[in-house]
Amino acid sequence: MPKGYWIARVDVRDPERYKDYVSTAKPAFERFGARFLARGGEYTALEGAVRARNVVIEFPSHQAAVDCYNSAEYQAAKAIRQEVADAEMVVVEGFEG
């Protein structure tokens, strides 16, 4: 089964409150088997608009990635994130190879 990936691009407006988002989201990530592949760090802008923080999270499947986002645990975290950051997020299916 192909894995699923969250790809998020984020500009954090309130770094202190963003910590609340991270701690609130943690149970959802643990429940759905999330593995962080990239979180913040150095990046090189190549094309298009950029955001300051780039995150890639691997899940056991595309469905697990979607279910994590839709879970009650993550929705509580999302409410905090939307107050303190601007973001674009997508879920993409990986491929078996």
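This text follows the structure it describes.
Explain the overall build of the chain to me, using residue names and the numbers behind them.
On a plain count of helices and strands, the chain comes out with three helices and four strands. Each helix and strand of the chain, ordered N terminal to C terminal, gives the series β-α-β-β-α-α-β. Against the compact-globule benchmark of 13 Å for 97 residues, the chain has a radius of gyration of 13 Å, which places it among compact chains. Considering the chain as a whole, with its 97 residues, one finds that 31% of them fall into the buried category. Put simply, 78% of the contacts in the chain that link residues at least 6 apart link residues at least 24 apart. A total of about 6,000 Å² of accessible surface is found on the chain, and carbon and sulfur atoms cover 52% of it. Between the mean site of the 13 positive side-chain charges and the mean site of the 15 negative ones, the chain shows a separation of 3 Å.

Before we move on, could you go through the sheet that holds strand 2 (residues 35-39) and cite the residues and values that matter?
Strand order in the open sheet formed by four strands is 2-3-1-4, with antiparallel pairing between adjacent strands. Of all strands in the sheet, those with a lone pairing partner are strand 2 and strand 4 (85-93), marking the two edges. Taking the axes of each pair of neighbouring strands and ignoring which way they run, one obtains an average angle of 15 degrees across the sheet. Examined bridge by bridge, strand 1 (residues 4-12) and strand 4 share nine bridges and lie antiparallel to one another. Paired with Val12 across the two strands is Ala85, which belongs to strand 4. Across the sheet, helix 1 (residues 15-31) lies against strand 1, strand 2, strand 3 (53-59) and strand 4, angled at about 165 degrees from strand 1, the strand it touches most.

The rules behind these values
Once a new chain begins, its residue numbering starts again from 1 and follows that chain's sequence as written. Local features in this predicted model are restricted to residues whose pLDDT is 70 or higher, and side-chain atom pairs enter the listing and the counts only when it is 80 or higher, whereas totals over whole chains, interfaces and linings include all residues. With hydrogens and water set aside, each side-chain value is computed from the structure's full complement of heavy atoms. Put simply, DSSP H or I for four residues or longer makes a helix, DSSP E for two residues or longer makes a strand, and each gets a number counted from the N terminus. Here the globule rule reads 2.2 Å times residues to the power 0.38, and the radius of gyration is calculated from C-alpha atoms. A 1.4 Å probe rolled over the protein chains alone gives each residue an accessible area, and that area as a share of the maximum for its type sets the label: buried under 20%, exposed over 50%, partly exposed in between. Should any heavy atoms of two residues lie within 4.5 Å, those residues are counted as being in contact. In short, Shrake-Rupley with a 1.4 Å probe defines the accessible areas, and a residue's cover is counted only from the protein chains shown. For the purpose of charge, His is not counted, nor are the chain termini; Lys and Arg are scored as positive and Asp and Glu as negative. By convention, charge coordinates are those of NZ in Lys, CZ in Arg, CG in Asp, or CD in Glu. By definition, two strands form a pair when at least two bridges between them are found by DSSP. As a rule, the C-alpha atoms of each element are fitted with a line to give its axis, helices using only the stretch in contact, and angles between N-to-C directions run from 0 to 180 degrees.

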